Amino acid sequence: MKHFQLLIVIAFISLNVSAQRVNKISIGGNGSSVTYGFLLSENVIVNVSQEGSLAEWGVDKYAGRPTDYIQRGLESYGGRVEYYTDKDDSAFRGKLKFIGATQIKYYASFDNQFYVGKIKSVGPVNFDYYTNYDDPMLVGKIKLLGSANVGYYTSFDNEAYKGKLKSFGSVALSYYSSMEDKSYAGKIKSINGSSFSYYGSQEHTYQKGSVKSGSQIQVFNGITFYIKNY
């Protein structure tokens, strides 16, 4: 009986941990704005900006679907919600601490100045950031999410895409350069080999710069890449 109860506890913990993961990456501003969405237990979604600040959070009861082509607003969560108090470090007092069983931790005022106040972890997923030792276009942005390295184009890259998301783990992104047609220069060219094309300035059938081919939603390694401003 004790052995059976232990198996139940282990299964519950494993399920809770596996649910705390990056579920969706939303890419806006033609790649200059990135939001990382975490799927927690009870279909709670936590969205984090590429600078490590909490963007929004709430419930999406359909979040567990393998592929979801509908973008919905988040509903309020009726479970446990706690915030850091005035007795906590000044860098994170008043910020969200618990959503259900998941704790959100932040870097403190005595940490590296480029980390202070940024999210340190969401549940078991740890965050690291680029600092002043890195390229100026990367400073303050997320460098590591759990085991996934996050890369961005640097100040040495083409003007149309420097500073934009370059890779998440093994998934690579490319963009049209400033030498391309001005109607789609800087827009996403490919995600993990899946290409995008757009109507150019000389084409009059559709609006200039509107998408000609390529899906707004791509799924790689169990993560949904959602392209905003499509």
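Look above for the structure.
Residues numbered from 1 in each chain as written. Predicted model: local features only at pLDDT ≥ 70, side-chain atom pairs only at ≥ 80, totals over all residues. Heavy atoms only, no water.

(A) Geometry of the pattern of salt bridges. The tally for this structure, following the rule as stated, stands at 3 salt bridges. Measuring nitrogen to oxygen at the nearest pair gives 3.0 Å for the salt bridge that ties arginine 80 to glutamate 82. By relative accessible area, which is 39% here, arginine 80 ends up partly exposed. Lysine 162 is paired through a salt bridge with glutamate 159; the nearest N and O atoms lie 2.9 Å apart. (Salt bridge = Lys/Arg side-chain N within 4 Å of Asp/Glu carboxyl O. Buried < 20%, exposed > 50% of the residue type's maximum accessible area, 1.4 Å probe, protein only.)

(B) The arrangement of the sheet that holds strand S14 (residues 188–191) in detail. If you walk across this open sheet you meet the 11 strands as S5-S6-S7-S8-S9-S10-S11-S12-S13-S14-S15, and the pairing is antiparallel. This sheet does not close on itself; its edge strands, each paired only once, are strand S5 (81–83) and strand S15 (194–195). Alignment of strand S9 (residues 125–129) against strand S10 (residues 142–145), held across 3 bridges, turns out to be antiparallel. Opposite aspartate 128, over in S10, you have leucine 144 as the bridge partner. (Pairing = 2+ DSSP bridges. Helix = DSSP H or I, 4+ residues; strand = E, 2+ residues; numbered from the N terminus.)

(C) Summary view of the pairing of strand S2 (residues 33–39). Most of S2 sits out of view: 6 of its 7 residues are buried. Where strand S1 (residues 21–28) and S2 come together, 7 bridges link them in antiparallel fashion. When the bridges of S2 are listed, arginine 21 appears paired with leucine 39. The antiparallel pairing of S1 with S2 creates a hairpin that spans 4 residues between the two strands, and glycine 29 there sits at a positive phi of about 55 degrees. As paired elements, S2 and strand S3 (residues 44–49) share 5 bridges and run antiparallel to each other. Residue tyrosine 36 lies in a different strand from S3, and its bridge partner there is valine 48.

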